[in-house]
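If you want the building blocks of each chain, they are given just below.
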2 protein chains.
Amino acid sequence: MKHSPALAGLIEALRALPGVGPKSAQRMAFYLLQSGRAGAKGLATALTGALERVGRCRRCRMLTETELCTICSNTQRDASQVCVVESPADVVAIEQSGGYRGRYFVLMGHLSPLDGIGPEDLRVRELLVRLEGTEVEEVILATNPSVEGEATAIYLAKLLKPLGMRITRIARGLPVGGDLEYADEVTLSKAMEGRREMG
Amino acid sequence: MKHSPALAGLIEALRALPGVGPKSAQRMAFYLLQSGRAGAKGLATALTGALERVGRCRRCRMLTETELCTICSNTQRDASQVCVVESPADVVAIEQSGGYRGRYFVLMGHLSPLDGIGPEDLRVRELLVRLEGTEVEEVILATNPSVEGEATAIYLAKLLKPLGMRITRIARGLPVGGDLEYADEVTLSKAMEGRREMG
């Protein structure tokens, strides 16, 4: 059965959302037009508003509505540490964990030669500009513990070494509350490798 | 970490979509503002357009951009059969199955006394108006095979009986390609109950 043009257009547009395939897009469109019309109107307004107002922090590239994000403009934060992450969501996750008081730099994802994503796409040049001539003493590479995230960390570590700062990588190991018996081999070997003295 | 107002507003607005919780709403918002800005713009436009143009078919309450939907205005369809379903998505599913040539009536969901959804909310009065004084010979009740869908079918069957049309209910039984061994008891007993002569 062919959908009417506006309905077909809405279904197609909803597929721009990550993780939404044709079936869920249709379900969402029907729901919005059937019983969620107020929500649909609110969503259209919120999208337009966010596109107009939300940009990137000049210093760390985090999403922000001001020139500097709340973290970069907070003088209470430790200016000697910069944590490099793949995306704004990673900043939120680390902030929620509550253990970090330094600043950030948000890359545009990770290196992925197969998808044609090289250093320029990640905004590595902006990272160098961000770090040069500053009081930064440690760069924490917190890209994902995936193959691409690992490769990105290795690439950045090499690139940043001449700047003379301490370069660290977040620990890989067993997740807290996890079960050693069910851990995959790579995680387990990383956990062994990264073991620490106790007491 | 507190999101900026426009970002927080977008995350909240995305939760109007069915099946989207706070975590996926945040993921969607970040994605849209980070690398999906064209898609976000398209979505805002499509939402506004669909809200303006898509309404209900005057006769069957299917979503449509014209006064009568394509099925109701198609004179090739069998006017003697009306299939009653819970939602526009059910019409699409039955049309895709390809076996039905009659018309439809789309309820607003199913009866659910606990949620305060009674006959008036389903637009049962409109269904009666739709059926009265027409050439309809058979009403096929195709509400979902759930407890609420079943109750809705039983209610409608009683209500429509005085109109003198044939009232039928879609068959419940084993799904094609399913495995008898793993079927639940209710489905299996419905499948036994609904058995047919062969040959």
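Refer to the structure above for everything that follows.
Quick summary incoming for the structure in this document. (Residues numbered from 1 in each chain as written. Chains lettered and ligands numbered in written order. Predicted model: local features only at pLDDT ≥ 70, side-chain atom pairs only at ≥ 80, totals over all residues. Heavy atoms only, no water.)

## A closer look at the overall build of chain A
- In terms of regular secondary structure, chain A is built from 8 helices and 6 strands.
- For chain A, the N- to C-terminal ordering of α and β elements is α-α-α-β-β-β-α-β-α-α-β-α-β-α.
- What you see for chain A is a C-alpha radius of gyration of 21 Å, clearly larger than the 16 Å of a compact globule of 199 residues, by over 25%.
- A principal-axis box enclosing the C-alpha atoms of chain A has dimensions of 65 × 45 × 35 Å.
- In chain A, which comprises 199 residues, the share counted as buried stands at 41%.
- Here the analysis covers contacts within chain A between residues at least 6 apart in sequence; of these, 49% occur between residues at least 24 apart.
- With an accessible surface of roughly 11,200 Å², chain A has 54% of that area assigned to carbon and sulfur atoms.
- Here chain A carries 25 positive and 24 negative side-chain charges, and the mean point of each set is 6 Å from the other. (Helix = DSSP H or I, 4+ residues; strand = E, 2+ residues; numbered from the N terminus. Rg over C-alpha atoms; globule rule 2.2 N^0.38 Å. Buried < 20%, exposed > 50% of the residue type's maximum accessible area, 1.4 Å probe, protein only. Contact = heavy atoms within 4.5 Å. Areas by Shrake-Rupley, 256 points an atom, 1.4 Å probe, with all protein chains shown as cover. Lys, Arg positive; Asp, Glu negative; His and termini not counted. Charge placed at Lys NZ, Arg CZ, Asp CG, Glu CD.)

## Some thoughts on the sheet that holds strand E3 (residues 81-85) of chain B
All names here are of chain B.
- Pairing is parallel across the open sheet formed by 4 strands, whose spatial order is E4-E3-E5-E6. For this open sheet the edge positions go to strand E4 (103-106) and strand E6 (166-169), each flanked by a neighbour on one side alone. On average, each strand axis in the sheet is inclined to that of its neighbour by 25 degrees, with strand direction left out of account.
- In this structure, strand E5 (residues 138-141) lies alongside E6, joined through 4 bridges in parallel fashion. (Pairing = 2+ DSSP bridges. Axes fitted to C-alpha atoms, helices over the stretch in contact; angles between N-to-C directions.)

## Topic: unusual backbone geometry
Residue and element names in this part refer to chain B.
- The phi dihedral of Arg61 is positive, around 70 degrees, even though this residue is not glycine.
- You can see Arg61 is positioned in the loop between strand E1 (55-56) and strand E2 (63-64).
- The phi angle at Arg123 is positive, at roughly 70 degrees, despite the residue not being glycine.
- By the element assignment, Arg123 lies in the loop between helix H5 (119-122) and helix H6 (124-131).
- Using a relative accessible area of 29% as the deciding quantity, one classes Arg123 as partly exposed.

## So, the packing of aromatic side chains
Residue and element names in this part refer to chain B.
- Under the criterion given, the structure shown has 2 aromatic pairs over all chains.
- Centroid distance Tyr100 to Tyr104: 5.2 Å. Interplanar angle 65 degrees. Geometry classified as edge-to-face.
- You can call Tyr100 buried: its relative accessible area is 12%. (Phe/Tyr/Trp six-rings, centres within 6.5 Å; stacked < 30°, edge-to-face > 60°.)

## Section: the packing of helix H1 (residues 5-14) of chain A against helix H2 (residues 22-34) of chain A
Residue and element names in this part refer to chain A.
- Two numbers describe how H1 lies on H2: the axes approach to 8 Å, and their chain directions differ by 125 degrees. Here H1 lies oblique to H2, going by the angle between them. Here H1 runs over H2; the crossing is right-handed. Residues Leu7, Leu10, Ile11 and Leu14 of H1 pack against Pro22, Ala25, Gln26, Met28, Ala29, Phe30, Leu32 and Leu33 of H2.
- When its residues are assigned to classes, the contact of H1 with H2 shows 11 nonpolar, 1 polar and no charged. (Parallel < 35°, antiparallel > 145°, perpendicular 65-115°, else oblique. Left-handed = near helix turned anticlockwise from the far one by under 90°. Nonpolar A, V, L, I, M, F, W, Y, C, P; charged D, E, K, R; others polar.)

## A few points about the relation of the copies chain B and chain A
- Note on the identical chains: chain B maps onto chain A by a rotation of 180 degrees and an axial translation of 0.0 Å, with an RMSD of 0.1 Å. Within this description, the copies of the chain are treated as partners about a two-fold rotation axis. Across chain B, the rotation axis passes nearest the C-alpha of B:Ala44, at a separation of 2.2 Å.
- Most of the interface of chain B is mirrored in chain A, where 100% of its interface residues again form contacts. (Least-squares fit on C-alpha atoms with pLDDT ≥ 70 in both.)

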